[in-house]
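Residue-level listing of the chains:
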Amino acid sequence: MRPPWTARVLTILPEAFPGPLGVSLIGRALEQGVWALQTIDIRDFTQDKHRSVDDTPAGGGPGMVMRADVLGAAIDEATAQSPDTPLIHLSPRGRPLTQARVRDLSTGPGVTLLCGRFEGVDQRVLDARDIEEISIGDFVLAGGEIAACALVEACVRLLPGVVGDAESLAQESFEQGLLEYPHYTRPREWEGRDIPDVLLSGDHGKIAEWRREMAERITRERRPDLWGKYSKK
Ligand SMILES: C[S@@+](CC[C@H](N)C(=O)[O-])C[C@H]1O[C@@H](n2cnc3c(N)ncnc32)[C@H](O)[C@@H]1O
């Protein structure tokens, strides 16, 4: 039988997992074996009695850098277990993560993720092991663990059977190149605000048209970058 989609996470904080990946839809899918999670403790690959993973930066400057020799050994252990799995370092310097890349990763065997800490990792290990760098946004986290959780959660919810209604996935933000339209539910009136009449009209053609117009307006106002690509199609 084919092994489940597997997230292998290299980290100095294995206790951070599964964290939010252990609850709700994603946690249930983990329990049911729809996907698998393996953490690899980078400290297990250190050679000294203090189990040091970092050292001072060459050339001086603040902070510490994760050592290439320790990371190389940890990465080699992970890739020996699954040579065909994409190897990714979560990094603010990486290409921004997109829904298209998430979809692509979710159709493969899984991901091997390297979580950085401190000032980051020795460049030689990224070059030598040809590691892709992915960022989850233009801001700086203290470590790669939360970014790894975000990437894994985004992939796992696309695995067959994880989200009950597959249509809800097809209509989401980014799937058509647009952000999603606004949602409403009961009560019909709340603090003097009504649900837009069209949504209560029962006219599915008009509802679809209204949703498309709203999605276009929101995308145009908030994300000129997405709107530019969409409106050129
Ligand atoms: C304090 S950050 C290092 C920031 C680095 N010195 C820089 O200026 O680019 C430590 C680690 O957090 C993770 N990290 C921080 N921000 C991230 C982001 N936006 N996306 C993905 N990973 C991030 C990376 O693994 C990084 O090695």
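Heads up: these notes are all about the structure in this document. All values reported here derive from a predicted model rather than from experimental measurement.

### Remarks on the environment of valine 121
Looking at the element boundaries, valine 121 is found in the loop between strand 6 (110-115) and helix 4 (123-128). Among the residues examined, valine 121 registers 25 C-beta atoms within 10 Å and is labelled buried. Along the backbone, valine 121 and alanine 68 are 53 residues apart, and their C-alpha atoms lie at a distance of 7.3 Å. Look past the residues within four positions of valine 121 in its chain and what remains in contact with it is Val65, Met66, Leu71, His89, Gly116 and Leu126.

### Describing the site of the ligand
Inspection of the region around the ligand gives 19 residues, with Leu90, Gly116, Leu141, Gly144 and Ala147 positioned closest. A per-element tally of the shell around the ligand places strand 5 (residues 87-96) first, with four residues. A class-by-class count of the residues in the shell around the ligand yields nine nonpolar, seven polar and three charged.

### Observations concerning the pairing of strand 6
With six of six residues buried, strand 6 lies mostly within the body of the structure. Of the two faces of strand 6, the one lined by Gly110, Thr112 and Leu114 and the one lined by Val111, Leu113 and Cys115 are each fully buried. Relative to strand 6, strand 1 (residues 5-11) is paired through five bridges, and the arrangement is parallel. Bridging across to strand 6, valine 9 finds its partner in leucine 113.

### Observations concerning unusual backbone geometry
Cis geometry is adopted by the peptide bond preceding proline 18, which originates at phenylalanine 17 and carries an omega value of 5 degrees. With respect to the helices and strands, proline 18 occurs in the loop between strand 1 and helix 1 (24-31). Along the chain, arginine 186 connects to proline 187 via a cis peptide bond; the corresponding omega equals 0 degrees. Here proline 187 shows up in the loop between helix 6 (166-170) and strand 8 (189-190). Although it is not a glycine, phenylalanine 118 sits at a positive phi angle of roughly 60 degrees. Look at glutamate 191: it is not a glycine, yet its phi comes out positive at around 50 degrees. Tracing the chain through its elements places glutamate 191 in the loop between strand 8 and strand 9 (193-194). Judged by C-beta crowding, with 5 C-beta atoms within 10 Å, glutamate 191 ranks as exposed.

Definitions and limits used
- Residues numbered from 1 in each chain as written.
- Predicted model: local features only at pLDDT ≥ 70, side-chain atom pairs only at ≥ 80, totals over all residues.
- Helix = DSSP H or I, 4+ residues; strand = E, 2+ residues; numbered from the N terminus.
- Buried ≥ 20, exposed ≤ 12 C-beta atoms within 10 Å, placed from the backbone.
- Contact = placed C-beta atoms within 7 Å.
- Near = placed C-beta within 6 Å.
- Nonpolar A, V, L, I, M, F, W, Y, C, P; charged D, E, K, R; others polar.
- Pairing = 2+ DSSP bridges.

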